[in-house]
Amino acid sequence: MESKLEVTEILKRYSADIDQEINRALETVDPETLRQASEHLVKAGGKKLRPSLVVLSAEAVGGEVESALKTGAAVELIHTFSLIHDDIMDQDEKRRGKPSVHVLWGEPMAILAGDTLFSKAFATVMKSEDDGVAPENILPALHTVVDSCVKICEGQALDMGFAERTDVREEEYLTMIYKKTAALIAAATKAGAILGGGTPEQVEALSEYGRLIGMAFQIQDDYLDVASSDEDLGKPVGSDIVEGKMTLLVVNALSKASVEDRERLLAILKEEGDEHVTEAMEIMEKYGSIQYAWQVAQEDVNQAKQLLNILDDSPAKEALIRVADFVLERSH
């Protein structure tokens, strides 16, 4: 529990500076409705995990905090853009305990708000020169961030395609979550290491560290959906099942289940409503799929922490170790 508190403190340490950069990026957006829609989710909070990882990675390779703040803000803008568009696609009405952007401003304005955040992200990275960052570091950092955006879109498309299928293999599922979730976290740590002037080996290790904790983060989300409470989660438990989502737990259970259990689980996933959610969870429990997902997330985190051995000891390295642990300790 202690390290969880510490991580919240670590993330808070940078959030005021990052918020300032985000506000700077969005304050000129006009008309006001578009600005409000663009700012809504940023103001609703969020852990600021991704931007803090940019800054921590820069520090961990011996760089200055200032060099990474604008790219940290950019990564948060991209994350927020993807949430706004996800909520439209999934028709989710709440996010971070508040009504979604499309609920408050309508879908057309929400699409524009996402597009605005997306565009502002790149402009923000390019302004890093104002903070004394060498242009030869800005270009590869920008390249890293752009590449992750393509992957986010590919991941979302794969995820949507899975909804129509009953034969998704674990390998395909892992590719999808890499693209949809882990790629941006890997871009955060990689861009931070580049901006901090890390060696190619350090940049590679931090990129891989980001990928692994990103994978664990998503798998832990899948796991929490069935192993948490409504209150902790901020949304109904089992909502992935109600939505018929292919998660690692479902994919694993379908690959192991008897014909009868497999048919039943697929039938529940196709149903409207949530009356058989508990039964679906029982099938996943029966085949050890809930425990399996937890173990995969645990292994990813352990491997991520090992990769940090390439760094000299520092408070930033210690913080990255804590963040890796936090991925598994959080309850929502």
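Whatever comes next refers back to the structure up there.
Predicted model, so just to flag it, every value in this text is computed and none were measured.

Draft legend 1. Up close: the packing of helix α13 (residues 259-270) against helix α14 (residues 277-286). Their axes nearest at 10 Å, the elements α13 and α14 cross at an angle of 140°. In this structure, the crossing between α13 and α14 has a hand that is left-handed. Here Asp-261, Arg-264, Leu-265 and Ile-268 of α13 lie close against α14, whose contacting residues are Glu-279, Ala-280, Ile-283, Met-284 and Lys-286.

Draft legend 2. Region of the structure containing empty space enclosed by the protein. The full count for this structure, using the stated rule, is two cavities of 30 Å³ or more. Empty space within the largest cavity amounts to approximately 40 Å³. Lining the largest cavity are Ile-241, Val-242, Ile-268, Glu-271, Gly-273, Asp-274, Glu-275, His-276 and Val-277. Here the lining of the largest cavity is composed, by residue class, of four nonpolar, two polar and three charged. Volume-wise, the second largest cavity comes out at about 30 Å³. Around the second largest cavity, the lining residues are Asp-222, Asp-225, Val-226, Asp-240, Ile-241, Thr-247, Leu-249 and Met-284. If you list the elements that add at least two residues to the lining of the second largest cavity, you get α9 (200-227) and α11 (239-242). Considering every element that reaches the lining of the second largest cavity, the biggest residue donor is α9, with three residues. A per-class count over the lining of the second largest cavity returns four nonpolar, one polar and three charged.

Draft legend 3. Fine view of the side chain of Ser-57. Relative to the assigned elements, Ser-57 resides in helix α3 (residues 49-60). According to the relative accessible area criterion, Ser-57 is buried, its value standing at 0%. The contact partners of Ser-57, leaving out residues within four places of it in the chain, are Thr-189, Gly-192, Ala-193, Leu-206 and Leu-320.

Draft legend 4. Region of the structure containing the pattern of salt bridges. One pass over the structure, following the stated rule, counts 23 salt bridges. The residue Asp-240 makes a salt bridge to Lys-245 at a minimum N-O spacing of 3.9 Å. In this structure Lys-245 comes out as partly exposed when scored by relative accessible area, which is 25%. Within the structure, one salt-bridge network assembled from shared partners comprises Glu-21, Arg-24, Lys-70 and Asp-131.

Draft legend 5. Inspection of the state of the cysteines at higher detail. Enumeration according to the criterion identifies zero disulfides in this entry. Cys-149 forms no disulfide, and the closest cysteine sulfur to it belongs to Cys-153, at a distance of 7.1 Å.

Draft legend 6. How the structure looks around the packing of aromatic side chains. Applying the stated criterion to the full structure yields two aromatic pairs. Ring centres 4.7 Å apart and planes at 45° place the aromatic pair Phe-81 and Phe-118 in the tilted group. With a gap of 37 residues between them, Phe-81 in helix α4 (residues 66-90) and Phe-118 in helix α6 (residues 107-126) connect regions that are remote in the sequence. The exposure class assigned to Phe-118 is partly exposed, which follows from its relative accessible area of 25%. Consider the rings of Phe-118 and Phe-122, whose centres lie 5.1 Å apart with planes at 80°: the pair is edge-to-face. Of this pair, Phe-118 and Phe-122 both sit in helix α6, four residues apart, which is roughly one turn of that helix.

Draft legend 7. The packing of helix α12 (residues 248-256) against α13, seen in detail. Running from amino to carboxyl end, α12 crosses α13 at an angle of 150°, the nearest separation of the two axes being 9 Å. On the basis of their axis angle, the class for α12 and α13 is roughly antiparallel. Within the contact between the two elements, α12 uses Val-250, Ala-253 and Leu-254 and α13 uses Arg-262, Leu-265, Leu-266 and Leu-269. In terms of residue class, the contact of α12 with α13 is built from six nonpolar, no polar and one charged.

About the thresholds
Residues numbered from 1 in each chain as written. Predicted model: local features only at pLDDT ≥ 70, side-chain atom pairs only at ≥ 80, totals over all residues. Heavy atoms only, no water. Axes fitted to C-alpha atoms, helices over the stretch in contact; angles between N-to-C directions. Helix = DSSP H or I, 4+ residues; strand = E, 2+ residues; numbered from the N terminus. Left-handed = near helix turned anticlockwise from the far one by under 90°. Contact = heavy atoms within 4.5 Å. 1 Å grid on protein atoms, 1.4 Å probe; cavity = no way out; pocket = protein on both sides within 12 Å on 5 of 7 lines; lining within 4 Å. Points joined across faces, edges and corners; volume = space filled by probe spheres on them. Nonpolar A, V, L, I, M, F, W, Y, C, P; charged D, E, K, R; others polar. Buried < 20%, exposed > 50% of the residue type's maximum accessible area, 1.4 Å probe, protein only. Salt bridge = Lys/Arg side-chain N within 4 Å of Asp/Glu carboxyl O. Disulfide = S-S within 2.5 Å. Phe/Tyr/Trp six-rings, centres within 6.5 Å; stacked < 30°, edge-to-face > 60°. Parallel < 35°, antiparallel > 145°, perpendicular 65-115°, else oblique.

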